[in-house]
There are 2 protein chains.
Amino acid sequence: MRRTKEDAAKTREEVLAAAAAVFYEHGVSGSSLEKIASRAGVTRGAIYWHFKDKAEVLTALHSEIRLPQETIVDGALEHGHDDPLGLIEEQSIGVVQLLADDEHQQRIFAIMILGCEFTEIRSDAAQRIITANAEMYEKLKKLIDMADRQGTLASCWTVDTAARAFQCSMNGLFGEWLRTNKSFSVVDVGERLVRSLIGSMRRQAA
Amino acid sequence: MRRTKEDAAKTREEVLAAAAAVFYEHGVSGSSLEKIASRAGVTRGAIYWHFKDKAEVLTALHSEIRLPQETIVDGALEHGHDDPLGLIEEQSIGVVQLLADDEHQQRIFAIMILGCEFTEIRSDAAQRIITANAEMYEKLKKLIDMADRQGTLASCWTVDTAARAFQCSMNGLFGEWLRTNKSFSVVDVGERLVRSLIGSMRRQAA
DNA sequence: ATGTTTACAATCATTCATGTATGTTTGTAT
DNA sequence: ATACAAACATACATGAATGATTGTAAACAT
């Protein structure tokens with residue numbers, strides 16, 4: 001039994017990996033530290049050495065990923081764009097592909113939206129998702145507003161409803177995909193969904 | 001203190017109302033029967049008299065509502081339709097309005113999708129939502145398939161992706177609406193979203 | 001070589017929710 | 001009036017999870 005720095009870091013990682021698995025299977029509140037410890041091949045003592053409590057384990061997991069909502073339309077907002085709707089379209093499809101390619105992110109994202117309870121007593125997980133969603137919504141609004149000023153927003157949409165509808169669709173896409181154990185291709189469905197929505201937001205050239 | 005039949009039924013209702021409130025605030029796993037009892041102005045004894053355990057309280061709550069997924073495109077599937085996509089469109093908008101008008105349904109629906117954990121160990125709540133979603137998906141597929149056979153499905157969609165995309169958007173709409181404490185108009189956003197999606201699925205007359 | 005700290009394991013005490021068992025009051029049938 | 005059952009309240013017993021404490025072997029610094 002050796003306990004070098006690298007060993008410690010390794011058990012820390014193993015604890016996190018075990019936590020991800022157990023949280024995914026039983027939900028956060030249904031997972032005891034004992035279960036996580038035994039899955040990781042250690043005792044609770046090891047967990048308590050590396051983390052303060054279960055919440056800190058969860059936080060450590062969360063910090064490992066970037067939410068799709070945080071990645072989407074990231075940057076490129078300050079200066080104007082000649083095609084804001086096109087930017088949303090491309091970036092969104094890119095984000096979907098990023099998520100589809102990263103199993104680790106999928107796991108933790110699934111834990112955040114399916115394995116936690118969204119209660120009024122906001123956990124940090126819920127808070128982060130809420131914040132990320134709010135910021136995503138603001139970004140979408142800015143871009144769609146640019147399109148509106150350029151006269152390229154279809155008349156059936158307002159800036160707010162368009163941003164909200166797009167946000168709902170994307171979140172619903174991710175949620176359904178993870179909830180159904182990835183039973184369909186997010187990329188396929190996502191791309192068509194995004195193109196259709198953005199297409200409907202584009203004012204048709206008369 | 002009287003204990004007539006009506007009194008018993010009343011306390012049962014009060015327990016359920018308290019349970020809905022507490023579940024909504026703290027999530028299901030974060031709510032003890034003691035909290036629910038004190039909120040209802042009774043002791044745990046009363047709860048155990050009317051219900052077997054917490055799960056049965058939750059089940060009783062769930063049985064009070066019909067899920068939007070269960071209501072949508074309900075019936076009217078056996079015989080053919082001249083405008084299947086139009087049927088989806090109208091029915092979906094109707095379902096959104098139904099949910100928007102029923103606060104009780106909103107509460108319980110919110111508990112089901114936000115206050116519970118979707119784990120592999122499927123709770124009956126998760127199971128019901130999963131089943132309802134699966135059935136909704138099948139219904140959508142049937143209707144969209146009819147449209148496809150009639151040649152009215154736009155070429156950029158397949159039957160499966162169209163059904164899945166529509167399902168994702170609707171679920172995302174409800175989820176976002178409840179998660180943001182109904183910070184926007186589901187009816188407004190929902191109607192535009194539905195019309196846009198169905199519009200994009202309609203093959204344009206050449 | 002030795003002391004000190006690291007990185008845990010093992011043990012223990014406490015809390016908390018649950019389930020059950022029992023007590024008590026009131027309605028109701030006879 | 002009496003007996004019984006309904007509708008709870010109260011008290012208790014249990015187990016699970018937590019957090020804290022202690023023990024300890026190995027690594028590392030001196």
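Residue indices follow the written sequence of each chain, beginning from 1 at its first position. Working convention: letters from A go to chains and numbers from 1 go to ligands, in the order in which they are written. Thresholds applied to this predicted model are a pLDDT of at least 70 for local features of residues and 80 or more for the giving and counting of side-chain atom pairs; totals over whole chains, interfaces and linings are not thresholded and use all residues. No hydrogens and no water enter the side-chain calculation; it runs on all heavy atoms of the structure.

> Requested: an account of the interface of chain A and chain B, with residues and values cited.
In what follows, a contact means two residues having at least one pair of non-hydrogen atoms within 4.5 Å. The partner chain B presents 42 residues to the 42 residues of chain A that form the contact. By buried area we mean the combined loss of accessible area, with a 1.4 Å probe, across both parts when two parts are placed together. Where chain A abuts chain B, roughly 3,400 Å² becomes buried across the two surfaces, and 59% of that area is made up of carbon and sulfur atoms. Every case where a carboxyl oxygen of Asp or Glu lies within 4 Å of a side-chain nitrogen of Lys or Arg is listed as a salt bridge. Linking chain A with chain B are zero salt bridges, by the criterion used here. A 3.5 Å cut-off defines polar contacts: any pair of N or O atoms within that distance qualifies, except that in protein one atom must be a possible hydrogen donor and the other a possible acceptor, and neighbouring residues in sequence count only when both atoms are side-chain atoms. Inspection of the region where chain A meets chain B yields 18 residue pairs in polar contact (both at pLDDT 80 or more). Every element with two or more residues in the side of chain A that touches chain B is listed here: α1 (5-26), α9 (159-179) and α10 (186-201) of chain A. Helix numbering and strand numbering both begin at the N terminus, where a helix is a DSSP run of H or I of at least 4 residues and a strand a DSSP run of E of at least 2. Considering every element that reaches the side of chain A that touches chain B, the biggest residue donor is α9 of chain A, with 11 residues.

> How would you explain the protein's contact with DNA strand C if you had to name every residue and give the values?
Throughout this document, a residue counts as near a molecule or strand when at least one of its heavy atoms sits within 4 Å of that molecule or strand. Of all residues adjacent to DNA strand C, which total 19 residues, the nearest are T11 and T43 of chain A together with R3, R44 and Y48 of chain B. Here DNA strand C approaches the protein such that, of its atoms within 4 Å, sugar and phosphate make up 68%. Here T11 of chain A contributes a side-chain N or O atom positioned 2.7 Å from a phosphate oxygen of DNA strand C. If you list the elements that add at least two residues to the surface near DNA strand C, you get α1 and α3 (44-50) of chain A together with α3 (44-50) of chain B. In terms of residue count, the dominant contributor to the surface near DNA strand C is α3 of chain A (four residues). Any residue outside Ala, Val, Leu, Ile, Met, Phe, Trp, Tyr, Cys, Pro, Asp, Glu, Lys and Arg is labelled polar, Gly included; the first ten of those are nonpolar and the last four are charged. Of the residues assigned to the surface near DNA strand C, the class counts are seven nonpolar, five polar and seven charged.

> Lay out the environment of T158 of chain A in plain terms, naming residues and giving numbers.
Residue placement: T158 of chain A occurs in the loop between α8 (124-149) and α9. Residue burial is assigned from relative accessible area. The probe radius is 1.4 Å, only protein chains are included, and a residue is buried under 20% of its type maximum, exposed over 50%, and partly exposed in between. For T158 of chain A, a relative accessible area of 33% translates into the label partly exposed. In sequence terms T158 of chain A and D145 of chain A are 13 residues apart; their C-alpha atoms lie 8.9 Å from each other. Leaving out residues up to four positions away in the same chain, T158 of chain A has contacts with L153 of chain A together with R192 of chain B. A distance of 2.7 Å separates polar atoms of two side chains, one belonging to T158 of chain A and the other to T161 of chain A.

> An account of α10 of chain A is requested, with residue identities and associated values reported.
Between its first and last C-alpha atoms α10 of chain A spans 22 Å; for 16 residues at 1.5 Å apiece the expected length is 22 Å, and the two agree. When α10 of chain A is considered as a whole, its buried residues turn out to be V186, V189, G190, L193, V194, S196, L197, I198, S200 and M201 of chain A. In the core, the buried residues of α10 of chain A are packed alongside α6 (84-101) and α9 of chain A together with α9 (159-179) and α10 (186-201) of chain B. Each helix should span, by expectation, one fewer than its residue count multiplied by 1.5 Å.

> Lay out the packing of helix α7 (residues 103-114) of chain A against α9 of chain A in plain terms, naming residues and giving numbers.
Residue and element names in this part refer to chain A. Between α7 and α9, the least distance of the axes is 10 Å, while the angle of their chain directions is 100°. Judged on the interaxial angle alone, α9 and α7 are roughly perpendicular. Listed contacts from α9 to Q106, F109, A110, I113 and L114 of α7 are F174, G175, W177, L178 and R179. In terms of residue class, the contact of α7 with α9 is built from seven nonpolar, two polar and one charged. Every angle, taken between N-to-C directions, lies between 0 and 180 degrees, and every axis is a line fitted to C-alpha atoms, over only the stretch in contact when it is a helix. Oblique is the label for every angle not falling under 35 degrees (roughly parallel), over 145 degrees (roughly antiparallel), or within 65 to 115 degrees (roughly perpendicular).

> Tell me about the domain arrangement of chain A, and name the residues and values.
Residues and elements named next belong to chain A. Per the domain assignment, the segments of chain A are domain 1 (2-62) and domain 2 (66-201). In this document the domain limits rely on a domain assignment from an automatic tool or a database. The straight-line distance from the C-alpha centre of domain 1 to that of domain 2 is 31 Å. Contacts between domain 1 and domain 2 engage 11 residues on the former and 12 residues on the latter. Summing both sides of the interface, domain 1 and domain 2 together bury roughly 970 Å²; the carbon and sulfur share of this comes to 62%. Its largest share of buried area at the contact with domain 2, domain 1 owes to Y24, L61 and H62, together 61% of the area lost on that side. Applying the counting rule to domain 1 against domain 2 returns zero salt bridges. Taken together, domain 1 and domain 2 are joined by three residue pairs in polar contact (both at pLDDT 80 or more). Of all the secondary structure elements, the ones that give two or more residues to the side of domain 1 that touches domain 2 are α1 and α4 (54-62). Of the residues in the side of domain 1 that touches domain 2, the class split is seven nonpolar, four polar and no charged.

> Explain the packing of aromatic side chains to me, and be specific about the residues and the numbers.
Pairing of aromatic rings covers Phe, Tyr and the six-membered ring of Trp, with a centre-to-centre limit of 6.5 Å; geometry is then stacked below 30 degrees between planes, edge-to-face above 60, and tilted otherwise. Evaluation of the coordinates by the stated rule reveals two aromatic pairs over all chains. Both rings, one in F109 of chain A and one in F174 of chain A, keep their centres 6.1 Å apart while their planes meet at 75°; by these two values the pair is edge-to-face. Residue F109 of chain A is found in helix α7, and its partner F174 of chain A is found in helix α9; the two are separated by 65 residues along the sequence. F109 of chain A sits in the buried class, given a relative accessible area of 2%. In this scheme, the term charge over a ring applies when either NZ of a lysine or CZ of an arginine sits within 6 Å of the ring centre and within 35 degrees of the ring normal. Over the ring of Y24 of chain A we find R107 of chain A, and its NZ or CZ is 4.2 Å from the ring centre. It is R179 of chain A that lies over the ring of F118 of chain B; its NZ or CZ is 5.0 Å from the centre.

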